[in-house]
Amino acid sequence: MLAPAPTAEEQEQLDQLYKDFDSENLIPLWTEIGDLMPMHPKPQAVPHVWRWNNLLPMAERAGDLVPVGRGGERRAIALANPGLGGRPYATPTLWAAIQYLGGHETAPEHRHSQNAFRFVVEGEGVWTVVNGDPVRMSRGDFLLTPGWNFHGHHNETDQPMAWIDGLDIPFVHYTDTAFFEFGTERVTDESTPDISRSERLWANPGLRPLSGLDNTVSSPIGAYRWEHTDRALAEQLKLEDEGHPATVSQGHAAVRFVNPTTGGDVMPTIRAQFHRLRAGAQTQTTREVGSSVYQVFDGRGAIVINGETKSLEKGDLVVVPSWAAWSLQAETEFDLFQFGDHPIIERLNFNRTYIEGNTK
């Protein structure tokens, strides 16, 4: 039932009340509740696709014109969601960028509160050094730089290399929890081992060193190698062919990268997963609280977001905002890397998922 219109005298008093609110930096809830408490999530971030065929040439141009070194620190180009007012954020909680390192260049060491990772869609020849441990970067590898770990990168070849960075920069910025510290001008170890020390200690299937029985906030594994991810996905589909339950849905294999000390997510603010769809497979339409970014690792297909179909091919990146309705469709075998803010959402107990056609 609507309230009666105010009298002229009441309107004059209301106008004065709102002026007094303004003078005291106060905002009444009744004028804002529709935006502050919507019936369901109404994200400002919008679905958007960044084409690798456009990103890489611009990164190459930046490589010719913009030096790497103290001040700028990294030749990283952030994906700016068109719905977020020009801020360098893929979603309100996630940063994604293409980073480019020229032949024989070094990005100096630093550390920061923000959690970070690298995912390599093509190329090799760069080592990232995390707390003094050199970690080889190669196609398909997923590499971690948890918060407050010193890290730098060095390219040991004549050829440039580009990869994707993912961080929780927007979330850390919004919560005013950021610290930053410069490290050495180069990297603390310029050696180029095939396997990092962290992998030698931790990346042995089903085995945990007795020297590391305390749980850690982030995974102690420096790199999750493509050969292991590829094998896990391939075996899921083989088991499906043999009639055994192994896949998420028909023709859809998927894995989650985990912290071996807890079995949980690799970092406290970021979840990382990998998906493989057979040619012709598609996923159910899903809505979930929280946002994700996908990068196509190989193959061709499409994502349908809020009823709009967006074609995707190798290297393309697409953002799925909170509560958007999305599904994947594979034209060829379709491999996609995914990262999202699910650990934050779940820890706060805000998680909710709706799958169309699911009556549960």
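Before any of the text, the structure's been laid out above.
Residues numbered from 1 in each chain as written. Predicted model: local features only at pLDDT ≥ 70, side-chain atom pairs only at ≥ 80, totals over all residues. Heavy atoms only, no water.

## Structural notes on the side chain of Gln 273
Stated precisely, the cut-off is as follows: Runs of H or I in DSSP of at least four residues are treated as helices and runs of E of at least two as strands, each being numbered from the N terminus. By definition, residues are in contact when any of their heavy atoms lie within 4.5 Å.
Relative to the elements of secondary structure, Gln 273 occurs in strand β14 (residues 271-277). When residues no more than four places from it in sequence are discounted, the contact partners of Gln 273 are Val 255, Arg 256, Phe 257, Leu 336, Phe 337 and Gln 338.

## So, helix α6 (residues 226-241)
Note the threshold: The span expected for a helix works out to 1.5 Å for each residue beyond the first. Buried, partly exposed and exposed residues are distinguished by accessible area as a fraction of the type maximum, computed with a 1.4 Å probe on protein chains only: under 20%, between the cut-offs, and over 50%, respectively. Taken from the helix axis, the directions to the C-beta atoms give the arc we talk about.
Helix length check: α6 (16 residues) gives 23 Å between terminal C-alpha atoms against 22 Å at 1.5 Å per residue, within 8%. Every buried residue of α6 is accounted for by Trp 226, Thr 229, Leu 233, Gln 236, Leu 237 and Glu 240. The buried residues of α6 all sit within an arc of 105 degrees when viewed along its axis, so they share a single face. Looking at the buried positions of α6, the neighbouring elements they touch are β12 (223-224), β13 (252-256), β14, β16 (292-298) and β21 (334-340). Backbone geometry just downstream of α6 places Gly 243 in the positive-phi region, at approximately 90 degrees.

## Considerations on the pattern of salt bridges
Convention followed: We count a salt bridge whenever a side-chain nitrogen from Lys or Arg sits within 4 Å of a carboxyl oxygen from Asp or Glu.
Across all of its chains, the model carries 20 salt bridges by this definition. Residue Asp 165 is joined to Arg 118 by a salt bridge in which the shortest nitrogen-to-oxygen separation is 3.0 Å. Placement of the pair is Asp 165 in strand β10 (residues 161-167) and Arg 118 in strand β5 (residues 116-119), with a sequence separation of 47 residues. Summarising the burial analysis for this pair, Asp 165 and Arg 118 share the class buried. For the salt bridge of Arg 278 with Glu 240, the shortest nitrogen-to-oxygen distance reads 3.1 Å. Linking Arg 278 in the loop between β14 and β15 (286-288) with Glu 240 in helix α6, this pair joins segments that are 38 residues apart in sequence. The class for Arg 278 is partly exposed, based on a relative accessible area of 25%. You can call Glu 240 buried: its relative accessible area is 13%.

## A few points about the pairing of strand β7 (residues 133-138)
We apply this condition: Pairing between strands requires that DSSP locate at least two bridges from one strand to the other.
Taking burial as the measure, the 6 residues of β7 include 6 buried ones, the bulk of the element. Of the two faces of β7, the one carrying Asp 133, Val 135 and Met 137 and the one carrying Pro 134, Arg 136 and Ser 138 are both buried. As paired elements, strand β6 (residues 124-130) and β7 share 6 bridges and run antiparallel to each other. For Val 129, the partnering residue across the bridge sits in β7 and is Pro 134. Connecting β6 to the antiparallel partner β7 that follows it, the hairpin turn spans 2 residues, and Asn 131 within it adopts a positive phi of roughly 50 degrees.

## Considering the sheet that holds strand β1 (residues 48-50)
Stated formally: Whenever a helix is involved, its axis is fitted only over the stretch in contact; in every case the axis is a line through C-alpha atoms, and angles between N-to-C directions fall within 0 to 180 degrees.
Strand order in the open sheet made by the 6 strands is β1-β19-β16-β21-β14-β13, with antiparallel pairing throughout. Among the strands making up the open sheet, the edge pair consists of β1 and β13. With direction set aside, neighbouring strand axes in the sheet form an average angle of 20 degrees. In terms of strand pairing, β16 meets β21 through 6 bridges, oriented antiparallel. Paired with Val 296 across the bridge in β21 is Leu 336. This element, α6, spans β13, β14, β16 and β21 of the sheet and lies at about 140 degrees to β13.

## Remarks on the packing of aromatic side chains
Inclusion rule: Any two of the Phe, Tyr and Trp rings considered here, Trp counted by its six-membered ring, make a pair once their centres fall within 6.5 Å; the pair's planes then place it as stacked at under 30 degrees, edge-to-face at over 60, or tilted in between.
Scanning all chains against the criterion turns up 19 aromatic pairs. An angle of 65 degrees between the planes, with centres 5.9 Å apart, marks the rings of Tyr 18 and Phe 21 as edge-to-face. Pair noted here: Tyr 18 and Phe 21 are both in helix α1 (residues 8-23), with a separation of 3 residues, about one helical turn. On the accessibility criterion, Tyr 18 (29% relative accessible area) is partly exposed. Consider the rings of Phe 274 and Phe 297, whose centres lie 5.9 Å apart with planes at 75 degrees: the pair is edge-to-face.

## Topic: the sheet that holds strand β9 (residues 151-155)
Strand order in the open sheet formed by 5 strands is β7-β6-β9-β4-β11, and the pairing between neighbours is antiparallel. The outermost strands of the open sheet, each flanked by one partner alone, are β7 and β11 (180-182). Strand-to-strand twist across the sheet, computed as the mean angle between neighbouring axes with direction ignored, equals 25 degrees. In this sheet, β11 lies alongside strand β4 (residues 106-112) in antiparallel orientation, the contact comprising 3 bridges. Across the sheet, residue His 110 finds its bridge partner in β11, namely Phe 182.

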